[in-house]
Amino acid sequence: MLVQIILSLCVGFLTASPIAVRDVGTETEPPRVAKLVDHLQLVPHIEGGYFRETYRSGSRPMSSGGLTDLSGTLLQTDNDPSERNILTSIYYLLTRRQPINHWHKNKSDIVRYYQGGDSMELFMIDPNGELYTVTLGLGTWKGEVPQVVVPGGFWEASELKRGRSGWVLQGEAVAPGFDYRDMELGSEELIDLFPHLEEVIRRFL
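Residues numbered from 1 in each chain as written. Predicted model: local features only at pLDDT ≥ 70, side-chain atom pairs only at ≥ 80, totals over all residues. Heavy atoms only, no water.

### Let's talk about the overall build of the protein
Under the convention used in this document: The helix and strand labels rest on DSSP assignments: H or I over at least four residues marks a helix, E over at least two residues marks a strand, and numbering proceeds from the N terminus. Relative accessibility under 20% of the residue-type maximum defines a buried residue, over 50% an exposed one, and the middle range a partly exposed one, all with a 1.4 Å probe and only protein chains included. Contacts are residue-level and defined by heavy atoms, with any inter-residue pair within 4.5 Å sufficient.
Regarding its fold elements, the protein presents three helices and 15 strands. Within the protein, the fraction of its 205 residues that count as buried is 51%. Across the protein, contacts joining residues at least 24 apart in sequence account for 68% of those joining residues at least 6 apart.

Now the structure itself:
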């Protein structure tokens with residue numbers, strides 16, 4: 001069930017989110033990771049890890065609590081209500097303490113960009129139950145890619161790969177712009193839909 005909560009952000013204003021975040025904090029993160037979270041003004045994300053919205057077309061980032069800002073630049077979609085901001089973008093960080101981005105699905109396409117740290121393994125399930133695995137990173141000689149597109153309607157989850165840094169930072173661009181009403185979190189029902197993928201689904205629930 002969606003829960004209305006208030007996040008007090010260190011940038012000095014309040015943001016209302018329609019989905020409760022996971023109970024995380026930086027107290028047990030290594031100092032260098034806690035400093036990165038602080039410098040980028042990241043906050044906990046419902047999917048795991050930390051994030052901050054850096055762009056929402058025509059409006060102030062983080063001011064709409066993850067919903068469409070009707071004062072921004074809009075386009076019409078097939079969603080209900082139909083208005084969405086044209087594009088949104090975020091920083092997204094996984095750490096050894098918060099290594100998993102749990103199963104979720106969005107109606108919009110998402111482009112993920114590698115921005116630093118260790119590599120990240122991304123798992124995608126298409127509507128027909130086909131599983132795809134991609135590693136986001138700069139090790140192109142070993143099959144890694146610096147950016148990947150997750151089509152709207154695909155389930156996705158990801159995990160920090162073990163490395164020297166202990167964190168991975170990525171950027172995400174979402175078009176049409178992100179709106180919590182377009183996102184669905186994974187549950188045990190995913191196993192009913194894709195029983196042949198039970199092991200990997202349970203790994204990231």
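### Overview of the sheet that holds strand 3 (residues 43–44)
Quick reminder of the rule: Strand pairing requires that DSSP identify at least two bridges connecting the strands. All axes are obtained by fitting lines to C-alpha atoms, using only the stretch in contact for helices, and the reported angles, taken between N-to-C directions, cover 0 to 180 degrees.
Taken in spatial order, the six strands make up an open sheet running 3-4-7-14-9-12, and their pairing is antiparallel. Both outer strands of the open sheet, strand 3 and strand 12 (147–150), are each paired with one neighbouring strand and no more. Note that strand 9 (residues 109–117) and strand 14 (residues 167–175) share eight bridges and pair antiparallel. Across the sheet, the residue bridging to Tyr113 is Gly171, located in strand 14. Sheet strands touched by helix 1 (residues 31–39): strand 4 (50–56), strand 7 (88–95) and strand 14. Its angle to strand 7, the strand with the most contacts, is close to 165°.

### Let's talk about the confidence of the model for the protein
Just so we agree on the cut-off: Known as pLDDT, the predictor's confidence for each residue is given on a scale from 0 to 100.
Averaged over every residue, the pLDDT of the protein is 90; residues scoring 70 or more account for 87%. Here residues 1–22 scores under 50 on pLDDT; set against residues more than four positions off or in separate chains, the count is 55 contacts.

### Brief notes about the packing of aromatic side chains
Note the cut-off: The pairing test for Phe, Tyr and Trp rings, Trp by its six-membered ring, is centres within 6.5 Å, and the orientation test on the planes gives stacked under 30 degrees, edge-to-face over 60, and tilted for anything in between.
Per the counting criterion, the structure on display carries four aromatic pairs. With 5.0 Å between their ring centres and 40° between their planes, Phe123 and Phe204 make a pair best called tilted. Here the residue Phe123 occupies a position in strand 10 (residues 120–125), and Phe204 occupies one in the segment after helix 3 (198–203), the gap between them amounting to 81 residues. Here the aromatic rings of Phe178 and Tyr180 are separated by 5.0 Å at their centres, their planes lie at 80°, and the arrangement is edge-to-face. In this structure Tyr180 comes out as buried when scored by relative accessible area, which is 8%.

### Observations regarding the pattern of salt bridges
Let me state the cut-off plainly: For this document, the term salt bridge refers to a Lys or Arg side-chain nitrogen within 4 Å of an Asp or Glu carboxyl oxygen.
Taken as a whole, this structure holds 11 salt bridges when the rule is applied. Across the pair Glu172 and Arg112 runs a salt bridge, and its minimum N-O distance is 2.9 Å. Residue Glu172 is found in strand 14, and its partner Arg112 is found in strand 9; the two are separated by 60 residues along the sequence. Across the pair, exposure class does not vary: Glu172 and Arg112 are buried alike. Between Arg202 and Glu188 there is a salt bridge; the shortest N-O distance is 3.2 Å. Of the two residues, Arg202 is situated in helix 3 and Glu188 in the loop between strand 15 (183–185) and helix 2 (189–193); the sequence distance between them amounts to 14 residues. According to the relative accessible area criterion, Arg202 is partly exposed, its value standing at 43%.

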